[in-house]
Amino acid sequence: MNLFRSEGHIGRWLGSRASGATISVTKLCELAHAWWGNRIEPNWRPRTREQNQAILNGLGLTDAFWDLSAADPHP
Amino acid sequence: MRYHFAMDDDDVALRNLTYRQFVELGHAPTVHDIAAVTGATPDDVWASWRRLHDDHALVLQSHTREIRMANPFSAVPTAYRVFADDRWWYANCAWDAFGVCAALHVDGRIEASCADCGDPITVHVRDERPDDEGLLFHCVVPAGRWWDDIVFT
């Protein structure tokens, strides 16, 4: 989960490896605030997978790459 | 990926105390730090941390009785440093770097580098927005496999 200057830098860094998902740093910042914003609240409770998926989906991260249920043996 | 429906209330309370101590100290607490605050034994704290680790509520070192990650915070030095709330923090990755500002509910400055060329990258976060919107984030591991090896992810 890294930062890059441009698509060209990502492509060069990946080389022959399969690409994952690329989002803008603006979207990343939105995601971080939605995901981590409650992390040190005194009454924090763990979220369900469905709640986490709703955060991703709410930011438009809806394709298979962002599917938390994939390969999940303990749904 | 394991999910947390069975996480014990006492373990959640210890997890919340552990996070609070992390933020107050500016670094990861030890089992002895938490034992001193709670009155529990270090072994009891460690047993709770082990269960929390299994539930992905924090990440422990593999060979020592220490915290490796209390996401978004890292207990060990990384390439993602964040100046926020008048203190430097390490984050586990680019996502977590923004997460440090999010968790603390403050503006901040992220110091990192392009993973390809190594050029320094500085991003200020103000009012929950980055000041350099041209940067990109790339994640190699699909979401369903993030916890297969969270350190690699």
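Student: I'd like a description of the overall build of chain A, backed by residues and values.
Tutor: When you go through chain A residue by residue, the secondary structure sums to three helices and two strands. Of the regular secondary structure in chain A, the N- to C-terminal order runs β-α-β-α-α. The C-alpha radius of gyration computed for chain A amounts to 15 Å, which surpasses the reference 11 Å derived for 75 residues by more than 25%, pointing to a less compact arrangement than a globule. Every one of the 75 residues in chain A was classed for burial, and the buried ones make up 21%.

Student: A description of the interface of chain A and chain B should follow, citing residues and the corresponding values.
Tutor: With 43 residues of chain A at the interface, the matching set in chain B holds 45 residues. Of all the secondary-structure elements, those providing two or more residues to the side of chain A that touches chain B are strand S1 (2-4), helix H1 (7-14), strand S2 (21-24) and helix H2 (25-36) of chain A. By residue number, the principal contributor to the side of chain A that touches chain B is H2 of chain A, which donates nine residues. In terms of residue class, the side of chain A that touches chain B is built from 23 nonpolar, twelve polar and eight charged. Inspection of the sheet shows S2 of chain A paired to strand S9 (residues 136-139) of chain B by four bridges, in the antiparallel sense. From the neighbouring strand, alanine 21 of chain A faces S9 of chain B, where its bridge partner is cysteine 139 of chain B.

Student: Hey, could you go over the nonpolar core for me, with residue numbers and the actual values?
Tutor: All names here are of chain B. Membership of the largest hydrophobic core comes to 52 residues, with the highest contact counts inside it found for Ala94 and Val100. For this core, the element with the highest residue contribution is helix H4 (residues 94-104), accounting for nine residues. Both domain 1 (9-70) and domain 2 (74-130) contribute no fewer than three residues apiece to this core. Apart from the residues lying within four places of it in its own chain, the contact partners of valine 100 are Pro72, Phe73, Val82, Ala84, Trp89, Ala91 and Gly108.

Student: Hey, could you go over the domain arrangement of chain B for me, with residue numbers and the actual values?
Tutor: Each assigned domain of chain B is listed with its residue range as follows: domain 1 (9-70) and domain 2 (74-130). For domain 1 of chain B and domain 2 of chain B, the distance between their C-alpha centres works out to 23 Å.

Criteria and thresholds
- Counting restarts for each chain, with residues numbered from 1 along the sequence as it is written.
- Following the order in which they are written, the chains are lettered starting with A and the ligands numbered starting with 1.
- A pLDDT threshold of at least 70 governs which residues receive local features in this predicted model, and a stricter bar of 80 or more applies before side-chain atom pairs are shown or counted, although totals over entire chains, interfaces and linings include all residues.
- Secondary structure elements are taken from DSSP: a helix is a run of H or I of four residues or more, a strand is a run of E of two residues or more, and numbering for both begins at the N terminus.
- The globule rule used here is 2.2 Å times the number of residues to the 0.38 power, and the radius of gyration it is set against is calculated over C-alpha atoms.
- We call a residue exposed when 12 or fewer other C-beta atoms sit within 10 Å of its C-beta, buried when the count reaches 20 or more, and partly exposed for counts in between; the C-beta positions come from the backbone.
- Note on contacts: residues are paired as contacts if their backbone-placed C-beta atoms lie within 7 Å.
- Classification used: nonpolar for Ala, Val, Leu, Ile, Met, Phe, Trp, Tyr, Cys and Pro, charged for Asp, Glu, Lys and Arg, polar for all others including Gly.
- Paired strands, as defined in this entry, are two strands with at least two bridges between them according to DSSP.
- In plain words, the nonpolar core is the set of buried Ala, Val, Leu, Ile, Met, Phe, Trp, Tyr and Cys residues that C-beta atoms within 7 Å link up.
- Each domain's extent is set by a domain assignment, obtained either automatically or from a database.

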